[in-house]
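Chains, contacts and geometry: an overview
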Amino acid sequence: MSHIQDTQIRTATVRSISRVGVVINPNGGSVPADGRDTIDAILAEMGVPAHFEIVDHDCEAACQRVLEQDADIIIVWGGDGTVACALNTLGPDDPPVLPLPGGTMNMLHKFVHGADIDPGTCLRTVLENPVEMDIAAGEVLEHRFYVGALLGGLTRLAAPREALRNADLLQAVTEFGEAGAFGLDTPMRCLSDTGARQDAQALGIFLSEDPARPGFDVLATAPESLLDLAYTGLTGLLADWRNAWGVERGFAARVDVEALESSGIEATLDGEPVTLPRHARFTLVRKAARVLTARGA
């Protein structure tokens, strides 16, 4: 086992798996239409009874309902936002979560399971050898996130990006116009606990992808013109904007952000839109939740 795994993973010796709860978000970017049947077949083959809850518009309610079934673990099949909702809903004394990749980016799933994130493989591996893993979270006000926060007007591009992912070009154009996508300039100032100070039009505060080095990867971009900012935004529509031109990187455990010309900060936390106050502090919660991982002991 690698040093990274040694620092984060321990075998779950106190919990046997005889019954599971399953939360499925059919609106996840890669959850198939027959997703429930697929999971049900694997569980039946392995002799594990299950209770299913399907997310309609309220992920938290679905998680609360599945909690009432006295399951040993809770399987959550959906994207990063769905898993984050489950982790925020369930407490430390509740059953651990097994996230199955069902979104588009699946960043949290890759962090938990490693490179192989096939849903069926993850499920079978964990049922055969349940291993628990601590994961960190970021916190701002009373909100927690497990992948990352995006701040600034570029967050308005989330809706057209989802439309493009669903191959709905007309809807993407409509959403792009409604987002006011060419009025994205939102000056902010970022101060990290390392002493680094940056002025930016867009900020990304992501949980480190290295479990042995918990903290935030802080990414900032301050294009010199609205045309450059629009280019960064369009790049973000088609790929990960962190790889766009002009992005500066830093590392921190605490980040203070100030909006310089507005009374609030537009943001998304694991893809969910929120409006933060003009001054917002992001802090690291080193052991925020426990999940089940297919990495193995």
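Residues numbered from 1 in each chain as written. Predicted model: local features only at pLDDT ≥ 70, side-chain atom pairs only at ≥ 80, totals over all residues. Heavy atoms only, no water.

Here's the deal with the overall build of the protein chain
Our working definition: By definition, any uninterrupted DSSP run of H or I lasting at least four residues is a helix, any uninterrupted run of E lasting at least two residues is a strand, and each is numbered from the N terminus. Burial classes follow relative accessibility: with a 1.4 Å probe on protein chains only, a residue under 20% of its type's maximum area counts as buried, one over 50% as exposed, and anything between as partly exposed. For the area figures, the Shrake-Rupley method with a 1.4 Å probe applies, and any residue is considered shielded solely by the protein chains shown.
For the protein chain, the helix and strand inventory stands at nine helices and 17 strands. Of all 297 residues assigned to the protein chain, the portion counted as buried reaches 51%. Here the protein chain has roughly 13,900 Å² of accessible surface; of this, 49% comes from carbon and sulfur atoms.

Things to note about unusual backbone geometry
Of note, D70 is a non-glycine position whose phi angle comes to about 55 degrees, a positive value. Take D70: it is sitting in the loop between α3 (59-67) and β4 (73-78). You can call D70 exposed: its relative accessible area is 63%. One non-glycine residue, L141, lies in positive phi territory at about 55 degrees.

Let's talk about the sheet that holds strand β11 (residues 202-207)
Formally: By definition, two strands form a pair when at least two bridges between them are found by DSSP. Interaxial angles span 0 to 180 degrees and are taken between N-to-C directions of axes, which are lines fitted to C-alpha atoms, for helices over the stretch in contact.
Taken together, six strands build an open sheet; the order of strands is β13-β12-β11-β8-β15-β16 and the sheet is antiparallel. For this open sheet the edge positions go to β13 (247-252) and β16 (272-277), each flanked by a neighbour on one side alone. Here the average twist between neighbouring strands, direction ignored, is 20 degrees. Note that β11 and strand β12 (residues 216-221) share six bridges and pair antiparallel.

Here's the deal with helix α6 (residues 119-128)
Just so we agree on the cut-off: In this description, one arc is meant: the one made by directions from the helix axis to the C-beta atoms. We call two N or O atoms a polar contact when they sit within 3.5 Å, provided that within protein one can donate a hydrogen and the other can accept it, with sequence-adjacent residues counted only if both atoms are side-chain atoms.
Taken residue by residue, α6 has P119, G120, C122, L123, V126 and L127 as its buried positions. The arc that holds the buried residues of α6, viewed along the axis, is 165 degrees, so those residues lie on one side. Taking the backbone nitrogen of G120 as reference, a side-chain oxygen 3.3 Å away marks D118 as the first, capping residue of α6.

Quick notes on the environment of A202
Within the secondary structure, A202 is located in strand β11. On the basis of relative accessibility, which here comes to 1%, the residue A202 falls in the buried class. Separated by 64 residues in sequence, A202 and E266 place their C-alpha atoms 10.0 Å apart.

A few points about helix α4 (residues 80-89)
The periodicity of an α-helix, 3.6 residues per turn, causes residues three or four positions apart to be oriented the same way. Rules: Residue contacts are counted whenever heavy atoms from the two residues lie within 4.5 Å of one another.
Within α4, nine of the ten residues are buried, leaving the element largely enclosed by the surrounding structure. Those residues of α4 that fall on the buried side of the exposure criterion are D80, G81, T82, V83, A84, C85, A86, L87 and T89. Buried positions along α4 lie against α3, β4, β5 (97-101), α5 (107-113), β6 (131-140) and β17 (279-293).

Some points on the pairing of strand β2 (residues 20-24)
Burial of β2 is extensive: five of the five residues sit out of reach of the surface. Side chains V20, V22 and I24 project from β2 onto one buried face, and the interleaved G21 and V23 project onto a second face that is buried too. Relative to strand β3 (residues 50-54), β2 is paired through five bridges, and the arrangement is parallel. The partner of V23 across the bridge, within β3, is E53. Across five bridges, the pairing between β2 and β4 is parallel. The partner of V23 across the bridge, within β4, is V76.

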